[in-house]
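Topology and contacts: notes
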Amino acid sequence: MLGVMSKEPQHAITFEASAAAAPMRMVQMAGVGEKVRATGTSRLLNSLRDQYLSSRHGRQHSYWSATPERGVAFEDYYFNNRFAPQDNGDYDSDDDDYPPPDPAKDKWEYYVEDGLRVPNITHKPTLLSLARMAANAYQPTTSETWEQLGDRWDTHDSFGWVSDGLRGHVFADAKNSTVVISFKGTSSTFFLGGGSETSAKDKYNDNRMFSCCCAYVDFSWSTVCDCHMSGFKCNADCLQQNLSDEVADNYFFAASQIFMDVVQRYPDADIILTGHSLGGSVAAMLGLTFGLPAVGFEAVGDMMPSKRLHLPQPPSMVMERIPLFHVGNTADPVFMGVCTGRTSSCYYAGYALESKCHNGRLMVFDTVARRDWRLDIRHHRINEVIYMVFEPWGLYDSEESLPTLEPEDNDCVDCGLWQFVDDDTP
């Protein structure tokens, strides 16, 4: 049983490790102050952030760290690997001495931003590989529909498959120099054509994080907390306290501890976070918390829960530079934030996915204009997006390039009809 904290059993993470997994290495990390601090969230999350950002991995790999140690670590990596044989299949786009990428072999491309090595998702093989990892989070490694990732990636660890909560996999290359944590999204007959043991807790976390006020949509709904006051009026202090609760099957805090366990297992690796739908939002929020690259696919808007949890909210100029990416298509009502209201499919399935604004930068495939698709919940499915959007994009039209990365629209507003008040508001 692995876990950074022994406080609550629901946050102790069990890894179902493969034979290739690296042995567990416990790292004692002292909590000290750091440059960017989230305030107002639970003591557990603050403790984990303190531990990580003061650790060697945090000082070398987090974009919230401004220590010289990070630059030295990258220079050491660059010098030692620049002329090494390319047996790991990677290509750094900023280095002319590397051979050009070979899409047929699923090589990844990276760019360097402020001393950090970041996957280049505008490089199609890199994007597809991450999307397949996100898809694989929905199934065990023995599944017949497992997405093949090529020889360079092994599934070193899996988590959550013996329980009914947060699930996913940890992928690592042969040298354990790059590790990807993939979080499963919502399992539901509504979204994916098949539910699972996690469906009830998935829906609970969806409605808790992405609804305007405790999933209060109308009088016929059962809310997930007691913060609704009347009409479109909601108790903001109550919402923050409920969302910051360390117990009650909170996926975000479970994911934070999973991340800390992975850091202990792979103390020298570049760690990348990914996921689809709910899993993509969890990955994005985790990346924002700890300062690591994150790629969400067809994810629900993560800006509103990030603000409620008081995660780091840098100025827009900084937010547009950090390696936090959301990839989706215009025919997905969940990604576009329009799966709301009494006529929506989300309403009939009992999901209050009311947040639409995303942190970081967006890569939006305009399937409505380019493919003549209509808004349909079926276009939310990750496998459909891989095989009907990502793979064929640009193959039959030389002028159809991958979308550019753009920040969220400044005019994007979540829950504009609602009034959020404090406890002491009359």
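Residues numbered from 1 in each chain as written. Predicted model: local features only at pLDDT ≥ 70, side-chain atom pairs only at ≥ 80, totals over all residues. Heavy atoms only, no water.

- In the annotation of an unreviewed UniProt entry, the entry for the chain reads Lipase atg15, and the organism field reads Linderina macrospora.

**As for the overall build of the chain**
- Assigned secondary structure in the chain consists of 14 helices and 14 strands.
- Counting all 426 residues of the chain, 57% fall into the buried class.
- For the chain, long-range pairs separated by at least 24 residues make up 65% of all intrachain contacts whose partners lie at least 6 apart in sequence. (Helix = DSSP H or I, 4+ residues; strand = E, 2+ residues; numbered from the N terminus. Buried < 20%, exposed > 50% of the residue type's maximum accessible area, 1.4 Å probe, protein only. Contact = heavy atoms within 4.5 Å.)

**Some thoughts on the pattern of salt bridges**
- Overall, the coordinates contain 15 salt bridges when judged by the stated rule.
- The residue D268 makes a salt bridge to R56 at a minimum N-O spacing of 2.9 Å. Within this pair, whereas D268 is found in the loop between α8 (251-265) and β9 (270-276), its partner R56 is found in helix α2 (residues 56-61), the two being separated by 212 residues in sequence.
- What makes D268 exposed here is its relative accessible area of 51%.
- A salt bridge links R370 to E400, with the nearest nitrogen and oxygen atoms 3.2 Å apart. (Salt bridge = Lys/Arg side-chain N within 4 Å of Asp/Glu carboxyl O.)

**A few points about the sheet that holds strand β7 (residues 228-230)**
- Across the sheet, 3 strands lie side by side as β7-β8-β14; this open sheet has mixed pairing. The open sheet is flanked by β7 and β14 (419-421), the only strands paired with a single partner. Within this sheet the neighbouring strands show an average axis-to-axis angle of 35 degrees, counted without direction.
- Sheet analysis places β7 next to strand β8 (residues 233-235), joined by 2 bridges and oriented antiparallel. In the strand pairing of β8, H228 is matched with C234.
- Against the sheet, helix α7 (residues 236-243) makes contact with β8 and β14, and its axis sits at roughly 55 degrees relative to β8, the strand it touches most. (Pairing = 2+ DSSP bridges. Axes fitted to C-alpha atoms, helices over the stretch in contact; angles between N-to-C directions.)

**Overview of the state of the cysteines**
- This model, assessed by the stated rule, comprises 6 disulfides.
- Each sulfur of the disulfide joining C213 and C234 lies 2.1 Å from the other. The disulfide joining C213 to C234 has a torsion of about 80 degrees about its S-S bond and is therefore right-handed. Linking C213 in the loop between α6 (199-210) and β7 with C234 in strand β8, this pair joins segments that are 21 residues apart in sequence. Across the pair, exposure class does not vary: C213 and C234 are buried alike.
- Two residues, C339 and C346, share a disulfide whose sulfurs are 1.9 Å apart. Classification of the bridge connecting C339 and C346 rests on its S-S torsion, roughly 105 degrees, and on that basis the disulfide is right-handed. Across the pair, C346 and C339 agree in class, each one buried. (Disulfide = S-S within 2.5 Å.)

**A look at the nonpolar core**
- Counting residues in each nonpolar core, the largest one holds 88 residues, and the members touching the most others are F183, F259, L273, F297 and F390.
- Ranked by residue count, the leading element in this core is α8, at 10 residues.
- Membership of the second largest hydrophobic core comes to 15 residues, among which are C214, C227, C234 and W418. (Core = buried A, V, L, I, M, F, W, Y, C linked by side-chain atoms within 4.5 Å.)

**Thoughts on the pairing of strand β5 (residues 168-173)**
- For β5, a buried count of 6 out of 6 residues is recorded, marking the element as mostly surrounded by other parts of the structure.
- The alternating pattern of β5 places G168, V170 and A172 on one face and H169, F171 and D173 on the opposite face, and all of these are buried.
- With 6 bridges joining them, strand β4 (residues 153-159) and β5 adopt antiparallel strand pairing. By the bridge assignment, S158 is partnered in β5 with H169.
- One ladder, built from 5 bridges, connects β5 with strand β6 (residues 178-183); its direction is antiparallel. Residue pairing in the sheet places V170 in a bridge with I181 of β6.
- Hairpin connection of β5 to β6: 4 residues between the antiparallel strands, including N176 at a positive phi of 55 degrees.

**Regarding the packing of helix α1 (residues 43-53) against α8**
- Packing of α1 against α8 brings their axes to within 10 Å, and their N-to-C directions diverge by 20 degrees. When the axes of α1 and α8 are compared, the pair comes out roughly parallel. The way α1 lies across α8 gives a crossing that is left-handed. Of the residues in α8, those touching α1 at L44, L45, L48, Q51 and Y52 are F252, F253, S256, Q257, F259, M260 and V263.
- When its residues are assigned to classes, the contact of α1 with α8 shows 9 nonpolar, 3 polar and no charged. (Parallel < 35°, antiparallel > 145°, perpendicular 65-115°, else oblique. Left-handed = near helix turned anticlockwise from the far one by under 90°. Nonpolar A, V, L, I, M, F, W, Y, C, P; charged D, E, K, R; others polar.)

**Observations regarding the environment of S65**
- With respect to the helices and strands, the residue S65 is situated in the loop between α2 and α3 (68-81).
- Note: C-alpha distance between S65 and F290 (225 residues apart in sequence) is 9.6 Å.
- One polar contact links the side chain of S65 to the main-chain carbonyl oxygen of R59, over a distance of 3.2 Å. (Polar contact = N/O pair within 3.5 Å; in protein donor to acceptor, adjacent residues only side chain to side chain.)

**With respect to the packing of aromatic side chains**
- Across all of its chains, the model carries 16 aromatic pairs by this definition.
- Taken together, a centroid distance of 5.7 Å and an interplanar angle of 85 degrees make the contact between Y52 and F290 edge-to-face. Of the two residues, Y52 is situated in helix α1 and F290 in helix α9 (residues 278-290); the sequence distance between them amounts to 238 residues.
- Taking relative accessible area as the criterion, F290 reaches 1% and is therefore assigned buried. (Phe/Tyr/Trp six-rings, centres within 6.5 Å; stacked < 30°, edge-to-face > 60°.)

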